[in-house]
Amino acid sequence: MTRYFFNIRRRTSLCIDEEGQEFASFAEAYMGAISSLCEIAGDSLKTADPVEVYAIEVTDTAGAVLHSVTMTEAVLPLLPEKQAAIV
Amino acid sequence: MENGTLAAMHADDLALLQPHFERVELKLKHILFEADAPIEHVHFFLGGLSSEIATLDGKGQLEIGCVGREGFSGHSVLLGVEASPHFAFMQASGSALRIRSDILLSATDTSKRLRMLLLRFIHVLMVQIASSAVSDARFTVRQRLARWLLMCQDRIGDELPLTHEFLALMLGVRRSGVTEMIHVLEGENLIRAVRALITVKDRQGLIDVAAGCYGLPESEYRRLINPNLQSLGTTPRRTAS
């Protein structure tokens with residue numbers, strides 16, 4: 001298990017994750033960031049509020065950014081335009 | 001230190017229970033009762049904070065109720081049930097007076113007045129559980145976090161030793177949702193957050209953020225159990241920043 005940190009980039013600020021969370025692999029941490037972004041978007045959309053978070057930066061314990069997972073990357077594939085055509 | 005339900009109890013009823021109370025110190029994460037195991041004791045808290053947790057099919061856990069010095073744990077006992085599919089543990093340490101479940105149950109056979117008081121508290125708890133359900137369905141993470149911080153402040157004071165991971169379990173969301181909203185509430189100057197310690201700075205501000213998802217179980221408690229228990233959703237307090 002490896003500890004990864006999810007810093008959250010908002011439109012106007014950066015929230016530093018001081019706790020981190022353990023994942024079996026970077027791939028799992030990446031999927032965790034995708035799920036988190038979807039949940040954050042869903043929470044804002046519940047009340048038709050603007051989505052303020054635009055990315056989660058997955059970092060290692062030294063603070064190096066391994067990947068910046070964007071809201072677009074998480075949410076866009078779920079939109080109907082991106083699905084197979086429905087007749 | 002006192003317990004709000006015991007403080008509201010008739011002296012004769014209290015005298016029935018008093019010889020059977022045992023004072024215990026409950027550490028953080030102490031299990032009050034396990035799922036599907038007999039609930040041996042009912043705890044009347046003098047401090048700290050307990051959480052009752054529901055799990056479904058081993059997937060996902062969610063806090064459904066929290067009780068501190070206003071009441072007691074193990075209410076299923078008084079509903080005639082030995083064991084519950086839920087479990088309960090201490091999320092902040094504190095002391096309690098505990099009593100064996102069978103002794104408490106027979107005392108409620110002796111005194112209808114005692115039984116009615118304890119059942120009224122169970123009603124308040126049910127209102128709290130319903131209020132959590134409504135909050136989860138209709139309110140945002142920001143509003144629910146504000147509600148939950150207020151419920152903690154009512155029971156353990158302004159300094160809340162809570163990790164984001166723990167808050168995520170309480171609110172039924174992923175940790176990042178908590179990290180973001182703690183940051184937002186801190187930016188609004190309502191709380192101060194240092195690693196695993198959240199300090200409430202502006203109670204009224206949090207009540208405003210909660211936008212109505214906080215307060216109903218607290219007012220039911222004051223109406224039905226004890227109007228005097230200090231700070232259980234009563235006077236808005238502002239602490240020095």
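The present account deals with the structure reproduced in this document.

About the criteria used
Residues numbered from 1 in each chain as written. Chains lettered and ligands numbered in written order. Predicted model: local features only at pLDDT ≥ 70, side-chain atom pairs only at ≥ 80, totals over all residues. Heavy atoms only, no water. Helix = DSSP H or I, 4+ residues; strand = E, 2+ residues; numbered from the N terminus. Expected span 1.5 Å × (residues − 1). Buried < 20%, exposed > 50% of the residue type's maximum accessible area, 1.4 Å probe, protein only. Phe/Tyr/Trp six-rings, centres within 6.5 Å; stacked < 30°, edge-to-face > 60°. Axes fitted to C-alpha atoms, helices over the stretch in contact; angles between N-to-C directions. Parallel < 35°, antiparallel > 145°, perpendicular 65-115°, else oblique. Contact = heavy atoms within 4.5 Å. Nonpolar A, V, L, I, M, F, W, Y, C, P; charged D, E, K, R; others polar. Disulfide = S-S within 2.5 Å. Salt bridge = Lys/Arg side-chain N within 4 Å of Asp/Glu carboxyl O. Polar contact = N/O pair within 3.5 Å; in protein donor to acceptor, adjacent residues only side chain to side chain.

**Some details on helix H4 (residues 112–138) of chain B**
- Given a rise of 1.5 Å per residue, 27 residues ought to cover 39 Å, and the 38 Å separating the end C-alpha atoms of H4(B) matches this to within 8%.
- Every buried residue belonging to H4(B) is among Leu114(B), Leu117(B), Leu118(B), Phe121(B), Ile122(B), Val124(B), Leu125(B), Val127(B), Gln128(B), Ser131(B), Ser132(B) and Ser135(B), and all of these are buried.

**Quick word on the packing of aromatic side chains**
- For the coordinates displayed, the defined rule picks out nine aromatic pairs over all chains.
- Counting every residue linked through ring pairs, the aromatic cluster contains Phe21(B), Phe44(B), Phe72(B), Phe121(B) and Tyr221(B).

**Things to note about the packing of H4(B) against helix H9 (residues 216–224) of chain B**
All names here are of chain B.
- Close contact between H4 and H9 brings their axes to 8 Å; oriented N to C, the two are set at 170 degrees. Taken together, H4 and H9 sit at an angle that is classed as roughly antiparallel. Here Arg 120, Phe 121, His 123, Val 124, Val 127, Gln 128 and Ser 131 of H4 lie close against H9, whose contacting residues are Leu 216, Pro 217, Glu 220, Tyr 221 and Leu 224.
- A per-class count over the contact of H4 with H9 returns seven nonpolar, three polar and two charged.

**Structural notes on the state of the cysteines**
Residue and element names in this part refer to chain B.
- Applying the stated criterion across every chain yields a total of zero disulfides over all chains.
- Note on Cys 152: no disulfide assigned, nearest cysteine sulfur contributed by Cys 66 at a separation of 6.0 Å.
- Cys 66 supplies the cysteine sulfur nearest to Cys 213, a cysteine that is in no disulfide, at a spacing of 13 Å.

**What about the interface of chain A and chain B?**
- Contacts between the two partners involve 23 residues from chain A and, on the opposite side, 22 residues from chain B.
- Viewed at the interface, chain B and chain A are joined by two salt bridges.
- Its salt-bridge partner being Arg10(A), residue Glu180(B) comes within 2.9 Å of it at the nearest N-O pair.
- Counting every contact that joins chain A to chain B gives eleven residue pairs in polar contact (both at pLDDT 80 or more).
- Elements supplying a minimum of two residues to the side of chain A that touches chain B: strand E1 (2–10), strand E2 (14–15), helix H1 (26–46) and strand E4 (53–59) of chain A.
- Residues that form the side of chain A that touches chain B fall into these classes: eight nonpolar, seven polar and eight charged.

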